[in-house]
Amino acid sequence: MKWQIQGFAIKGIVQGVGFRPFVFNLAKQCDCSGDVCNNGLGVEIRLCGQQKNIDLFIQRLQSELPRLARINQIQSLPENQLDIESFSEVIESVKNNQPAIFAIRATPQKIANSAENNQKISTLISPDASLCDDCRSELLDPKNPRYRYPFINCTHCGPRYTIIADLPYDRPFTTMAGFELCKSCQQEYSDPQDRRFHAQPNACNTCGPQLSLLNNQGQPIDGDPIEQTLERLRQGEILAIKGLGGFHLVCDANNADAVAKLRARKHRPAKPFAVMAANTASLERWVTINPSTADLLKSAQAPIVLCQKQSQIELQINGVADGLNQLGVMLPYTPIHWLLFHQAAGQPATEAWLNQPQDLLLVMTSANPSGEPLVIDNREAINRLSNIADYFLLHDRDILIRNDDPLLIAGTEQQPSIMIRRGRGYAPAPVFLPKLLNKNNDLNILATGSYLKNSICYSQGEMAHFSQHIGDLNCVGNIEFQKEIYRHLSQAYQMQPDIVIADSHPESPAVRFAQQISQQLNIPLLQVQHHHAHIAAVMAEYQLAQPVIGLALDGLGFGGQSLDISQVADNKSLLGGELLLVNADGCQHLGGLQPLALPGGDAAAKAPWRMAASVLFSTGNSQQIKSRFKDFAAAAFTETMLQKQLNCPKTSSMGRLFDACASLLNICQVNSFEAEAASKLEAAAAKDASQSNSAAASEQPTSLARITSSSSQPFVLDLLPIFNVLIQSSIPPISISRQNQLAYWFHQQLIEALARWVISASKKTGIKDICLSGGCFLNQILAQGLQQKLQQLGFNVYLPICHPVNDGSISLGQLYAARMHLNKVQPQQHKVSGDK
Ligand SMILES: [Zn+2]
Ligand SMILES: [Zn+2]
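Bear in mind that the values here come from a model prediction, so they are computed numbers and not experimental data. (Residues numbered from 1 in each chain as written. Chains lettered and ligands numbered in written order. Predicted model: local features only at pLDDT ≥ 70, side-chain atom pairs only at ≥ 80, totals over all residues. Heavy atoms only, no water.)

So, the overall build of the chain
What counts, and what does not: Helix numbers and strand numbers start at the N terminus; a helix is a DSSP run of H or I with at least 4 residues, a strand a run of E with at least 2. Each residue is assigned to one of three classes by its accessible area relative to the maximum for its type, calculated with a 1.4 Å probe on protein chains only: buried under 20%, partly exposed between the two thresholds, exposed over 50%. It only takes one pair of heavy atoms within 4.5 Å for two residues to be counted as in contact. Values of accessible area rely on a 1.4 Å probe in the Shrake-Rupley scheme; residue burial ignores everything except the protein chains shown.
Helix and strand content of the chain: 26 helices and 32 strands. Its C-alpha atoms give the chain principal-axis dimensions of roughly 95 × 65 × 55 Å. Evaluated residue by residue, the chain yields a buried proportion of 62% over its 836 residues. Pairs at least 24 apart in sequence give 74% of the contacts found in the chain among residues at least 6 apart. Accessible surface for the chain amounts to roughly 32100 Å². Of this, 48% is attributable to carbon and sulfur atoms.

Details of the coordination of the zinc ion (ligand 2)
Which entries qualify depends on this criterion: Atoms of type N, O and S within 2.8 Å of a metal are treated as its donors, and for Na, K and Ca the window is 3.2 Å; water is not considered, so some sites may appear to be missing partners.
Around the zinc ion (ligand 2), the protein contributes the donor atoms Cys182 (SG), Cys185 (SG), Cys204 (SG) and Cys207 (SG), which lie 2.3 Å from the metal centre. All donors to the zinc ion (ligand 2) come from one chain, and their sequence spacing reads C-x2-C-x18-C-x2-C. Of the two residues, cysteine 182 is situated in the loop between helix H5 (133–139) and helix H6 (183–190) and cysteine 204 in the loop between H6 and strand E6 (211–215); the sequence distance between them amounts to 22 residues. With respect to burial, cysteine 182 and cysteine 204 carry one shared label: buried.

Concerning unusual backbone geometry
Cis geometry is found at the peptide bond from alanine 427 to proline 428, where omega equals 5 degrees. Residue position: proline 428 is located in the loop between strand E15 (418–421) and strand E16 (430–432). The peptide bond linking proline 732 to proline 733 adopts the cis configuration, its omega dihedral lying at -5 degrees. One can find proline 733 in the loop between helix H23 (720–729) and helix H24 (736–765). A positive phi angle, close to 50 degrees, is found at histidine 267, a residue other than glycine. The residue histidine 267 is located in the loop between helix H8 (256–266) and strand E9 (274–277) in this model. Among the residues examined, histidine 267 registers a relative accessible area of 67% and is labelled exposed. For asparagine 647, which is not a glycine, the phi torsion comes out positive at approximately 45 degrees.

Considering the side chain of threonine 229
In this fold, threonine 229 is placed in helix H7 (residues 225–234). Among all residues touching threonine 229, those that are not within four sequence positions of it are Leu213, Leu239, Ile241, Leu340 and Leu393.

Looking at helix H10 (residues 291–298)
To be explicit about the condition: It is the directions from the helix axis to the C-beta atoms whose arc is reported.
Listed as buried for H10 are Thr293, Ala294, Leu296 and Leu297. Angularly, the buried residues of H10 cover 160 degrees about the axis, an arc narrow enough to put them on a single face. Away from its buried face by more than 90 degrees, H10 exposes Pro291, Asp295 and Lys298. Packing partners of the buried residues in H10 comprise helix H9 (280–283), strand E10 (304–308), strand E11 (326–330) and strand E14 (407–409).

Describing the coordination of the zinc ion (ligand 1)
Rule in force here: All geometry calls rest on donor angles, where a four-donor set with angles between 85 and 135 degrees is tetrahedral, four- and six-donor sets with opposite donors more than 155 degrees apart and all others between 65 and 115 are square planar and octahedral, and all else is irregular.
Taken together, Cys132 (SG), Cys135 (SG), Cys154 (SG) and Cys157 (SG) make up the full set of protein donors to the zinc ion (ligand 1), lying 2.3 Å away. Classification of the site at the zinc ion (ligand 1) as tetrahedral follows from its 4 donor atoms and the range of 105 to 117 degrees in their angles at the metal. All donors to the zinc ion (ligand 1) come from one chain, and their sequence spacing reads C-x2-C-x18-C-x2-C. Residue cysteine 154 is classed as buried on the basis of its relative accessible area, which comes to 0%. Given a relative accessible area of 0%, cysteine 157 falls into the buried group.

Let's talk about the sheet that holds strand E30 (residues 769–773)
Under the convention used in this document: Between any two strands, pairing holds if DSSP finds at least two bridges. Only C-alpha atoms enter the line fits that serve as axes; for helices the fit covers just the stretch in contact. Angles between N-to-C directions range over 0 to 180 degrees.
On the basis of which strands lie adjacent, the open sheet formed by 5 strands has the order E25-E24-E22-E30-E31 and mixed pairing. Of all the strands in the sheet, just strand E25 (586–592) and strand E31 (796–798) have a single pairing partner and so form its edges. Strand-to-strand twist of the sheet, defined as the mean angle between neighbouring strand axes without regard to direction, takes the value 25 degrees. Bridge count between strand E22 (residues 548–553) and E30: 4 bridges; the pairing is parallel. Looking at the pairing, isoleucine 549 lines up with isoleucine 770 of E30. Running at roughly 55 degrees to strand E24 (residues 577–583), helix H15 (residues 530–542) makes contact with E22, E24, E25, E30 and E31 of the sheet.

What to know about empty space enclosed by the protein
As a reminder, the rule being used: The method works on a 1 Å grid over the protein atoms by themselves. A cavity is a set of points holding a 1.4 Å probe that cannot get out, a pocket is an open set with protein on both sides within 12 Å along at least five of seven lines, and residues with an atom within 4 Å of a point line them. Grid points are joined across faces, edges and corners, and a volume is the space filled by probe spheres set on the points. Note on residue categories: nonpolar means Ala, Val, Leu, Ile, Met, Phe, Trp, Tyr, Cys or Pro, charged means Asp, Glu, Lys or Arg, and polar means any other residue, Gly included.
Throughout the structure, instances matching the rule amount to 7 cavities of 30 Å³ or more. Its volume calculated, the largest cavity comes out at about 120 Å³. Around the largest cavity, the lining is made up of 18 residues, and of these Pro150, Leu244, Thr334, Pro335 and Arg397 lie nearest the centre. Looking at the lining of the largest cavity residue by residue, the classes come out as 10 nonpolar, 6 polar and 2 charged.

Points about the domain arrangement of the chain
The test is simple: These domain limits were set by an automatic method or by a database of domain assignments. Buried surface area refers to the total accessible area, computed with a probe of radius 1.4 Å, that the two partners give up upon joining, counted for both partners together. The salt bridge criterion pairs a side-chain nitrogen of Lys or Arg with a carboxyl oxygen of Asp or Glu, the two atoms within 4 Å.
As far as domains go, the chain holds domain 1 (4–112), domain 2 (211–418), domain 3 (428–527 + 811–831) and domain 4 (588–772 + 779–796). On a C-alpha basis, the centroid separation for the pair domain 2 and domain 4 is 35 Å. Counting from both sides, the interface comprises 11 residues of domain 2 and, opposite them, 11 residues of domain 4. Buried area between domain 2 and domain 4, both sides added, is near 780 Å², and the carbon and sulfur share of it is 64%. Its largest share of buried area at the contact with domain 4, domain 2 owes to Leu324, Asn325 and Gln415, together 43% of the area lost on that side. Our count for the domain 2 to domain 4 interface comes out at 0 salt bridges.

Focus on the packing of aromatic side chains
We apply this condition: For this analysis, a ring pair means two rings from Phe, Tyr or Trp (six-membered ring only for Trp) whose centres lie within 6.5 Å, classed as stacked if their planes differ by under 30 degrees, edge-to-face if by over 60, and tilted for the remaining angles.
Taken as a whole and judged by the stated rule, the model has 10 aromatic pairs. Centroid distance phenylalanine 24 to phenylalanine 102: 6.4 Å. Interplanar angle 80 degrees. Geometry classified as edge-to-face. Separated by 78 residues along the polypeptide, phenylalanine 24 in helix H1 (residues 19–29) and phenylalanine 102 in strand E5 (residues 102–104) bring together distant segments of the chain. An identical accessibility class is assigned to phenylalanine 24 and phenylalanine 102; each is buried.

Considerations on the environment of leucine 41
Looking at the element boundaries, leucine 41 is found in the loop between strand E2 (33–39) and strand E3 (42–49). A C-alpha to C-alpha distance of 30 Å links leucine 41 and aspartate 133, two positions 92 residues apart in sequence.

Here we look at the nonpolar core
The line we're drawing: To form a nonpolar core, buried Ala, Val, Leu, Ile, Met, Phe, Trp, Tyr and Cys residues must be joined to one another through side-chain atoms within 4.5 Å.
Ranked by size, the top nonpolar core spans 75 residues in total, and within it Leu551, Met654, Leu719 and Phe777 carry the most contacts. The leading source of residues in this core is H24, at 12 residues. When neighbours within four sequence positions are excluded, leucine 551 is seen to be in contact with Ile535, Glu578, Leu579, Leu754, Trp757, Val758, Cys771, Leu772, Ser773, Phe777 and Leu786. Grouped together as the second largest cluster of nonpolar side chains are 59 residues, Val14, Ile45, Leu446 and Tyr486 included.

A few points about the pattern of salt bridges
Side-chain pairs of opposite charge can arise where the charged atoms are in close proximity. Applying the stated criterion across every chain, the model contains 23 salt bridges. Residue arginine 196 is joined to glutamate 138 by a salt bridge in which the shortest nitrogen-to-oxygen separation is 2.8 Å. Here arginine 196 is found in the loop between H6 and E6, whereas its partner glutamate 138 is found in helix H5, with 58 residues between them in sequence. Across the pair, glutamate 138 and arginine 196 agree in class, each one buried. We note a salt bridge from aspartate 224 to arginine 148, for which the minimum N-O separation is 3.3 Å. Within this pair, whereas aspartate 224 is found in the loop between E6 and H7, its partner arginine 148 is found in the loop between H5 and H6, the two being separated by 76 residues in sequence.

Shown next as C-alpha cells:
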C-alpha cells in the first residue's frame, strides 16, 4: 500500500482550546498515524498514512474545529524539518500495516530553544467562553453528578483569560490553584479522549469553588443561593452577581420600581441598560432577532447585541432604554446565569423550556461606580457596591483580570454585526498583521491608545495582542488598569517592548505612560496623531497598505475632550471632523469641518442646547436663542458669551453638530449620557425612514453644504447652510412626525455633504480607497448611507466591522501606522504624524 509522510505547521488560536485532543481523535478517525505537539506559534502535526486519508484529515481539520479554536494559516513543512529519526516507530508501524497510532507529544526542547524562533514558547491566552451545550445539558440533568454545579466547564467553555496569572496555561498559574482536583476530575483531566482533558478550571461539587449569598452587611443568607437570589430579584431587590470578568448589578427588568431604584442608586438617570433573557424566543417580544443575531447571541463570545426594538409593541419594560430605537440584549453565558433561569422556569427536568419563551428578564449592568473600573474582588464588591446592591451572590474563584461584556450592533441581511466594545469573549485574542518586508518584523511594539475609551495593543511580530476596553483615562482606576494589563501581558508572554507608541497629545495619561516606558527601557517613542490612528485601524482590519483617503468623524465624549484631539495650526480650534490622506509615510491633513464656537467649553458637550445656540448665532438667528431655550437660565448669558467670544473655544466636532440638530428639533436638550442627543436623533430619523421608506430614499436631496478652501486647508466643509434651512423649518412648537422627518432630512443632507467632500479630495489625489472611522459612524443611518452613496459612485469604502469604529481601536491604529512606517525606516525617536 502506498503511504506518505507529511508535516503541517498550524498558526492561529490552537493552544489551550482542546486542539491537540481534537487532532488526536480526528487522526484516528481518518486512519492516519503520527503525532501532534505545541510549538512557539501554534501546533505542529506529523502524519503518516495514505494520501487520501491525509487529505481528508486536513479538510476535516478546518471544517470541524473545536469551539474556541481558530486557524489562521496551515503551512506544509519541508521534509528536513520533520525530524524523521524521532518518527521511525510510527513509520515502521505504517510499513507493517498495523492499526494507526497517534500521540500527543511534549514540546521538543530543540524547538523551545530554537534561535530562529524569536518568541518564547507560549500558549496563547484564550478569551473566556460561554457555557457550551454539552456542559449545559449536564448542568441541568438531575442524573448528572454535576447537576446544578455553578462552576461546570470543559475544554470548550468557561473562564480563561480572567483567571490566568501566568503561562504556561496550567492550573497552578490560575486562580484555580487552591482547588485540588478530586479523583474523578483528575481522571477527566488526564484522559485525551475526555472533553475535560487539560481543562484547567475543571471542577466539581466535591473539589471546586462554591457559591454564597450575602446581604450588604456581609452576612451570609441561609438556603440555596440560587433559589434565594431569584426570590430576592422577584421581590424587586438589587443583586450584585459575580460573573466571569467582573460583577454585574442585576434587577428584574419587568419591575419598573426596581429599575428606577437601580438608576437612582447608580446615579445613572437615563443611560440604557442591557437585559438578559433565557433564550431568543423570550427576547423576540421586545426586539427583532434575525438568524445571524441569534447565532451571535448563542456564540462562545455571547456578547451584548444592540437589536432593533419591536416597532408595533410598545416596550413595556419601563426605564430600561427609553427613547432609543435599540435595546442591548444577551443570553445566559455562565452556569450561574443558567441556574437562575432554570430556577425561574421551576427547575424543569427536561430541556423543552430552553426553546420556549420565559418570563424572567434581567437588567444586567456592569458593576462599576460610573466611569470607574469594573469591580472584581469579593471584599471590594461589598465595600464599593453596598450602597447600590441589597445582596451579593459571590463565589471563591478569584477573577484576576477584569473584562467587561463585549457590545455589538446586530447585523442585517446585507450587513454583518459591528463591534462597539471589545471585551470578554474577544480580548485578548490576537489580531494578525501583515508581515513587514524588512527585519523590523520581529520588533515588539506597545501602543498605549487614546485618552477616552482606552485600549492597548501589544505586538509580537505579526501577532498583536489587542486588549479589552479599558475606559476613559480621566479616572485614576482606569490608568492603573491600563498598566495592569500591560504588566500581565508582559509577564504571561515574557515580552518587553522594543518600541512604544503614543498619541500626539502631551497631557494624556496614555502619553505619560508611554514616556515612562520609553525612559525605563531606553526604547524609541513614536507618536501617531489621533485621526491618523483612527484611519490606520481601519487599514489594519482590511490589511490595506496603499494610500487611502480617511474621513474621521469623532463623536467626542464628555469631559476632558480637549485632551483627546489634536489641534489645528491656529491652536485654538479642536479638530473633530477631518479629511486626511494616509499612506506608509504618515498622514496629510486635507481639510476639516468649518469650526464653530463651543459656548461654555466642556459644559457644551453636556448641553446640546448650547451648541444649538452657537448655530443660531452663526446663522444670524441670535434672537431665537432666548425664546427657544427659555427653560435654561444660562441662555440669556450665552448670547453675550457668543458675541464677546468669552469661553467659546472653537470646535469642528461632528458630534456637537448632531447635538445642535437634536436640540433645534427639541429631541434632546441635555445629554445625561454620552451621545444621548445623537442616539435619540438617529432613533427619530429611523422612525421616519421606516415610514416613508422607498419614496423618501429615492429622492436625492440637493446638497446645501459649502466646500471652501484656505491656505492651510484645501477642503473645508461648512454645514451651516443645512442648519439655516433646519432653523427655519423647526420653529417651535414642532410635532413628533415633523421632528422625525427633519431628523431624517438632516442625515440625508449630511451624507450628501460628506460624499461631496470625499469626492473633492479624491479628484485632487486620484485615490479611490476611502476609510471611514470615528465615533460618529456608530450612527448606522450615516455609516450605511455614506458607504452606499460612495460605493454607487465607484469608490472602495472601508468601514470597521471587527474592531470598534470609535476610540476603542486607536491603539490598534497606532500600532498599524507605526508598522507601516517601520516597513520603510529604522526606528528612531520621532513622530510618525502629529502637530507640526
Ligand atoms: Zn463545556
Ligand atoms: Zn472534582
